[in-house]
Amino acid sequence: MATKKSEQISLIDTFAEFKETKNIDRPTLVSVLEESFRGAIAKMFGSDENYSVIVNPDKGDFEIYRDRIVVADGEVTDPNKEVSLSEAHEIDEDFEVGEELTESIDFAKFGRRAILTLRQTLASKILDLEHDNLYNEYKDKVGTIVSGEVHNVWKNETLILDENDRELILPKKEQIPGDFFRKGDIVRAVVARVDNTSGVPKIILSRTSPMFLQRLLENEVPELADGLIAIKKISRLPGRRAKIAVESYDDRIDPVGACVGVKGSRVHGIVRELRGENLDVIPWTSNLELLISRTLQPAHINKISIDNENRHVDVYLDPDQVSLAIGNGGANIKLASLLTEMTIDVFRELQEGEGENDVNLDEFTDDIEPWIIEQLKGIGLTTARNVLNAPRELLIEQADLEEETVDEVLAILREELEEEEETE
């Protein structure tokens, strides 16, 4: 009897634990507890229709009552729903045939197996509810910024706990280069998506998403929150640089100035949050040629040729503007391509007489490895003289070539042009 008593106490303790640690509202918890009890009763007796289950998760206790009809002795056909008159008289001598007898049931007498089954069922239902609640809450938060405390840092992801100790995942690929977290740090990120495979939700966060930058700006710029200006497009190279195209719906408001603030006051905090990511804010326009010109600033463009069908753009610039258009490590042209959703190639416009004694790079495949030629062409240098006239640092940084390789290429090209001149 002591064992059954301890089992029932253990069951009550389990309810108390759910009440204290699970993020489930009281009506739902009551419903789950009642459903679990009724399931156990129906499994034992074939029906739970004549049972009343009263649970009180606030106190961590429960009561079960069974209703049975009093019948004459020897006429009981279903002991679960009927009780003999003599048995009823043991409870109260005033009972008569046909009356309803309501008695309290000790769940412990159902046996240890029933109690264990009930606990397992209850735990499973509670876990399912938690998963449903987590999914329903966070699927509505996709695209919004949340914050949490770093709980664990692993090689490929960081585990973050929200204010209710729910687990959020920040994958390494969604972290900004330069992000370094320790246990206990508070981290902000945008909810990128909610995976719900096998009914187990997984909340994925991102700090590299353009949406994270957009939400940070909306928090800092009142005109964005008020709908007076809007962010039309964002392209990012996380931790390095970003371009933001903005449009004003009020002629009195300069959208770029509103976003940047006086002396950059509105973006200083954002830049710190993004580990020093430089922000270029440009005015949006539906004129694609003008938009491309703005995205390639500070370079001055001479001519733009657009192939809308193939989403391709050729941009022609003076030689000293090519490096500006491409940017450090190709960042400027990459961001421009992302923002305009066009493939952009830049070309040097030859000055008068500049094309003389020149040789196309494709003619050097016997002396220079093809991948090196492609790297050079990728930053707009298509001829030997283009390369020789370009700053050495440009070839190293933007074509991503080793210093030794650059010097070898320059020597080969210089020798070829000298031979051409001697021949002439």
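A brief report on the enclosed structure follows. The model shown is predicted, which means the values in this text are computed figures rather than measured ones. (Residues numbered from 1 in each chain as written. Predicted model: local features only at pLDDT ≥ 70, side-chain atom pairs only at ≥ 80, totals over all residues. Heavy atoms only, no water.)

On the surface, Asp92, Glu93, Asp94, Glu96 and Glu99 cluster together to form a negatively charged patch. Of note, Asp92 is situated in the loop between α3 (85–91) and β4 (100–104). (Patch = residues over 30% accessible without salt bridge, like charges linked within 9 Å, V, L, I, M, F, W, Y side chains within 5 Å. Areas by Shrake-Rupley, 256 points an atom, 1.4 Å probe, with all protein chains shown as cover. Salt bridge = Lys/Arg side-chain N within 4 Å of Asp/Glu carboxyl O. Lys, Arg positive; Asp, Glu negative; His and termini not counted. Charge placed at Lys NZ, Arg CZ, Asp CG, Glu CD. Helix = DSSP H or I, 4+ residues; strand = E, 2+ residues; numbered from the N terminus.)

Time to look at the packing of aromatic side chains. A full pass over the atoms with the stated rule returns one aromatic pair. Centroid distance Tyr316 to Phe347: 5.5 Å. Interplanar angle 25°. Geometry classified as stacked. Placement of Tyr316 in strand β14 (residues 312–317) and of Phe347 in strand β15 (residues 343–348) is noted, with a sequence separation of 31 residues between them. If you follow Lys141 out to its NZ or CZ, it ends over the ring of Tyr138, 4.8 Å from the centre. Taking the ring centre of Tyr316 as reference, the NZ or CZ of Lys303 above it sits at 4.8 Å. (Phe/Tyr/Trp six-rings, centres within 6.5 Å; stacked < 30°, edge-to-face > 60°. Lys NZ or Arg CZ within 6 Å of the ring centre and 35° of its normal.)

So, on to the pattern of salt bridges. Overall, the coordinates contain 28 salt bridges when judged by the stated rule. In this structure, Lys233 engages Glu341 in a salt bridge whose closest nitrogen and oxygen atoms are separated by 3.2 Å. You can see Lys233 sitting in strand β10 (residues 229–237) and its partner Glu341 sitting in the loop between α11 (331–340) and β15, a full 108 residues away along the chain. We note a salt bridge from Asp362 to Lys377, for which the minimum N-O separation is 3.2 Å. Residue Asp362 is located in the loop between β15 and α12 (370–378), and its partner Lys377 is located in helix α12; the two are separated by 15 residues in the primary sequence.

Taken as a whole, the second largest pocket encloses approximately 180 Å³ of empty space. Lining of the second largest pocket is provided by Ile326, Gly329, Gly330, Ile333, Lys334, Ser337, Ile344, Gly378, Ile379 and Gln398. When grouped by side-chain class, the residues that make up the lining of the second largest pocket number four nonpolar, five polar and one charged. (1 Å grid on protein atoms, 1.4 Å probe; cavity = no way out; pocket = protein on both sides within 12 Å on 5 of 7 lines; lining within 4 Å. Points joined across faces, edges and corners; volume = space filled by probe spheres on them. Nonpolar A, V, L, I, M, F, W, Y, C, P; charged D, E, K, R; others polar.)

For the pair helix α9 (residues 288–295) and α11, the least separation of the axes is 9 Å and the interaxial angle reads 150°. In terms of axis orientation, α9 runs roughly antiparallel to α11. The interaxial crossing formed by α9 with α11 has right-handed handedness. Across the interface between the two elements, Leu288, Leu291, Ile292 and Thr295 from α9 touch Asn332, Ala336, Leu339 and Thr340 from α11. For the contact of α9 with α11, the class distribution of residues is five nonpolar, three polar and no charged. (Axes fitted to C-alpha atoms, helices over the stretch in contact; angles between N-to-C directions. Parallel < 35°, antiparallel > 145°, perpendicular 65-115°, else oblique. Left-handed = near helix turned anticlockwise from the far one by under 90°. Contact = heavy atoms within 4.5 Å.)

The strand order β10-β11-β12 describes an open sheet built from three strands, whose pairing is mixed. Because the sheet does not close on itself, it has two edges, and the strands there are β10 and β12 (278–283). On average, each strand axis in the sheet is inclined to that of its neighbour by 20°, with strand direction left out of account. Of the strand pairs in this sheet, β10 and strand β11 (residues 241–248) are connected by eight bridges, and their pairing is antiparallel. Paired with Ala230 across the strands is Glu247, a residue of β11. (Pairing = 2+ DSSP bridges.)

Before going further, it helps to spend a moment on the sheet that holds strand β5 (residues 145–153). Spatially, β5-β6-β7-β9-β8 is the arrangement adopted by the five strands of the closed barrel, whose pairing is mixed. Recorded for the sheet is a direction-independent mean angle of 55° between the axes of neighbouring strands. Judged from the two bridges that link them, strand β7 (residues 167–171) and strand β9 (residues 202–206) form a sheet pairing that is parallel. For Leu168, the partnering residue across the bridge sits in β9 and is Ile203. Together, β5, β7, β8 (186–195) and β9 form the strand contacts of helix α4 (residues 112–139), whose direction differs from that of β8 by roughly 105°. Packing against the sheet, helix α5 (residues 210–220) makes contact with β5, β8 and β9, and its axis sits at approximately 130° to β8.

Orientation of helix α2 (residues 26–45) relative to α4, taken along the N-to-C sense of each, is 145°, at an axis distance of 10 Å. The two elements α2 and α4 meet at a crossing, and its hand is right-handed. Between α2, through Thr28, Leu29, Val32, Leu33, Glu35, Ser36, Phe37, Ala40 and Met44, and α4, the contact on the second element is made entirely by Ala114, Leu118, Thr121, Leu122, Lys125, Ile126 and Leu129.

For residues other than glycine, phi is negative in most cases, and the peptide bonds are mostly trans. The peptide bond linking Gln297 to Pro298 adopts the cis configuration, its omega dihedral lying at 15°. Considering the arrangement of structural elements, one finds Pro298 in the loop between α9 and β13 (301–307). One non-glycine residue, Asp165, lies in positive phi territory at about 65°. Along the chain, Asp165 turns up in the loop between β6 (157–161) and β7. Judged by relative accessible area, which is 58%, Asp165 ranks as exposed. Backbone geometry places Arg275, a non-glycine residue, at a positive phi of 60°. Within the secondary structure layout, Arg275 lies in the loop between α8 (268–273) and β12. Judged by its relative accessible area of 37%, Arg275 is partly exposed. (Buried < 20%, exposed > 50% of the residue type's maximum accessible area, 1.4 Å probe, protein only.)

Don't take any of this as a statement about function, it's just geometry.
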